[in-house]
Amino acid sequence: MEKAFLRSEIDRLRREKNAVIMAHYYQEKDIQEIADFIGDSLALARQAAKTQADIIVLCGVHFMGETAKIISPGKKVLIPDMAAGCSLADSCPAPALEAFIKAHPGHTVISYVNTSAAVKALTDVVVTSTNAVQIVNSFPRDEKIIFGPDRNLGSYINSLTGRQMLLWDGACHVHEQFSLDKIIALKQQYPQAELIAHPECKQYIIELSDFVGSTAALIKHVRQSASQQFIVATESGVLFEMQRLCPDKEFIPAPPEDSSCACNECSYMRLNTLEKLYLCLRDETPEIQVDKETARKALRPIQRMLDISEKNHLS
Ligand code: 13P
Ligand code: SF4
């Protein structure tokens, strides 16, 4: 289908149906351009909490749609492709986490937002990469904490806070893929460039980086920094927004290990396309459903995160 047709139909349908299109920064450029709202996972959750729309089309991955549905159960939440999952969320099945919690009694459970609703239902407080350090620090220093599922984010938080949280051994297949050798070669090629990385990257990438932060924090940083060039170690979709906000700066995607490709894309995020967005808005399917009891239990730790973030002005 022609892109011009898709754009005008999406525009007509969202107005007729009072739908809002929300997109994560890792979506393809066409989707980011047409979205009513673009954000990181914290911003998308907040937006879902306050939207007046009847339908939320969540252009991101499944756990983001689930989070929106749990926060706004009265709204219809659609996702362009139901197969848009997350390797990090998959690395932590709820029954295995439940057994881990039982094996380590007396621990507070802090889960990254990249988890299923069933995992959130076992959790005391949810975090995103934007607010994780502040939320962990809101607990007493001697609090015993289980943190999951991302081992890289978990050890990064441990190193910043001096804590020894017990870490779930999960990871994201995209952020674990960045090649140290190729990044070092890029740093030699662009000696003035800053290396900036998402905290889901492996420790040796984080240690080499000039700045580490969530997608929203990375975007904020490139706007504020005096540097003109950046090597960006996260999913390459974020470069669209960086380039849009800073047209005179240069953004170089950090390359993955086993690929001839120069940038690193999340295969799940990229399942969503403009055509699938149009079809899902037209047919109102696929729709995200969360079992009522699971949603009830998962809401509490999500709401706790939103409240702490609100109180501390985290964005
Ligand atoms: P953010 O919380 O930075 O949006 O990251 C979400 C994600 O999936 C990172 O891979
Ligand atoms: Fe999940 Fe990694 Fe894709 Fe983010 S980039 S959605 S953590 S698989």
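See the structure above.
Note that the structure is a prediction, hence the values are computed from the model and not measured.

A. Structural view of the site of ligand 1. Around ligand 1 lies a shell formed by H24, Y26, D40, S41, N114, S129, H175, H198, E200, S214 and T215. The contact in question runs from an oxygen atom of ligand 1 to an N or O atom on the side chain of H24, over 2.7 Å. E200 places a side-chain nitrogen or oxygen 3.1 Å from an oxygen atom of ligand 1. Contact with the protein chains covers 96% of the free accessible surface of ligand 1, which is 310 Å². For the shell around ligand 1, the class distribution of residues is one nonpolar, eight polar and two charged.

B. Broad picture of the sheet that holds strand β12 (residues 250–253). With parallel pairing, four strands are arranged side by side in an open sheet as β10-β9-β11-β12. The outermost strands of the open sheet, each flanked by one partner alone, are β10 (211–212) and β12. Where helix α13 (residues 238–245) meets the sheet, its contacts fall on β9 (194–197), β11 (229–233) and β12, and the angle it forms with β12 comes to roughly 170°.

C. How the structure looks around the packing of helix α1 (residues 3–17) against helix α14 (residues 274–283). Across the interface, α1 lies against α14 with an axial gap of 9 Å and an inter-helix angle of 30°. By the angle between their directions, the pair α1 and α14 is classed as roughly parallel. Judged by the twist between their axes, the crossing of α1 over α14 is left-handed. On α14, the residues touching K3, F5, L6, R7, E9, I10, L13, R14 and K17 of α1 are L274, E275, L277, Y278, L281 and R282. Residue classes in the contact of α1 with α14 are distributed as eight nonpolar, no polar and seven charged.

D. Focus on the state of the cysteines. According to the stated counting rule, one finds zero disulfides in the structure shown. You can see C59 has no disulfide; the closest cysteine sulfur is in C280, sitting 6.7 Å from it. Just so you know, C201 is unpaired, no disulfide at all, and the nearest cysteine sulfur is the one on C172, 8.3 Å from it.

E. The site of ligand 2, seen in detail. Around ligand 2, a shell composed of 13 residues is seen, among which C86, N114, C172, E200 and C266 lie nearest. By residue class, the composition of the shell around ligand 2 is eight nonpolar, four polar and one charged.

F. Fine view of the pattern of salt bridges. Scanning all chains against the criterion turns up 19 salt bridges. Between D30 and K3 there is a salt bridge whose closest N-O contact spans 2.7 Å. With D30 in helix α2 (residues 29–34) and K3 in helix α1, the pair connects residues that are 27 residues apart, well separated along the chain. D30 sits in the buried class, given a relative accessible area of 12%. Classification of K3 by relative accessible area gives partly exposed; the value is 42%.

G. Geometry of the nonpolar core. I56, I110 and M305 are the most contacted members of the largest nonpolar core, which totals 50 residues. Of the residues forming this core, the biggest block, six residues, is contributed by helix α15 (residues 292–311). Setting aside chain neighbours within four positions, we find I56 in contact with V20, M22, A48, T51, A68, S72, K75, K76, V77 and L78. By size, the runner-up hydrophobic cluster in this structure holds 18 residues, among which are A19, I34, I55 and L281.

H. Spatial organisation of the packing of helix α4 (residues 62–71) against α15. Where α4 meets α15, the closest approach of the two axes is 9 Å, and the angle between their N-to-C directions is 95°. Between α4 and α15, the interaxial angle falls into the category roughly perpendicular. Taking contact as the criterion, the partners of T67, I70 and I71 in α4 are, on α15, A295, A298, L299, I302 and L306.

I. Layout of the environment of W168. Note on placement: W168 falls in the loop between β8 (166–167) and α10 (180–189). Excluding residues that lie within four positions of it along the chain, W168 makes contacts with S91, C92, P93, A96, L97, F100, F147, G148, P149, D150 and R151. Within polar-contact distance, the side chain of W168 engages the backbone oxygen of S91 at 2.9 Å.

Procedures and definitions
- Residues numbered from 1 in each chain as written.
- Chains lettered and ligands numbered in written order.
- Predicted model: local features only at pLDDT ≥ 70, side-chain atom pairs only at ≥ 80, totals over all residues.
- Heavy atoms only, no water.
- Near = heavy atom within 4 Å.
- Polar contact = N/O pair within 3.5 Å; in protein donor to acceptor, adjacent residues only side chain to side chain.
- Areas by Shrake-Rupley, 256 points an atom, 1.4 Å probe, with all protein chains shown as cover.
- Nonpolar A, V, L, I, M, F, W, Y, C, P; charged D, E, K, R; others polar.
- Pairing = 2+ DSSP bridges.
- Helix = DSSP H or I, 4+ residues; strand = E, 2+ residues; numbered from the N terminus.
- Contact = heavy atoms within 4.5 Å.
- Axes fitted to C-alpha atoms, helices over the stretch in contact; angles between N-to-C directions.
- Parallel < 35°, antiparallel > 145°, perpendicular 65-115°, else oblique.
- Left-handed = near helix turned anticlockwise from the far one by under 90°.
- Disulfide = S-S within 2.5 Å.
- Salt bridge = Lys/Arg side-chain N within 4 Å of Asp/Glu carboxyl O.
- Buried < 20%, exposed > 50% of the residue type's maximum accessible area, 1.4 Å probe, protein only.
- Core = buried A, V, L, I, M, F, W, Y, C linked by side-chain atoms within 4.5 Å.

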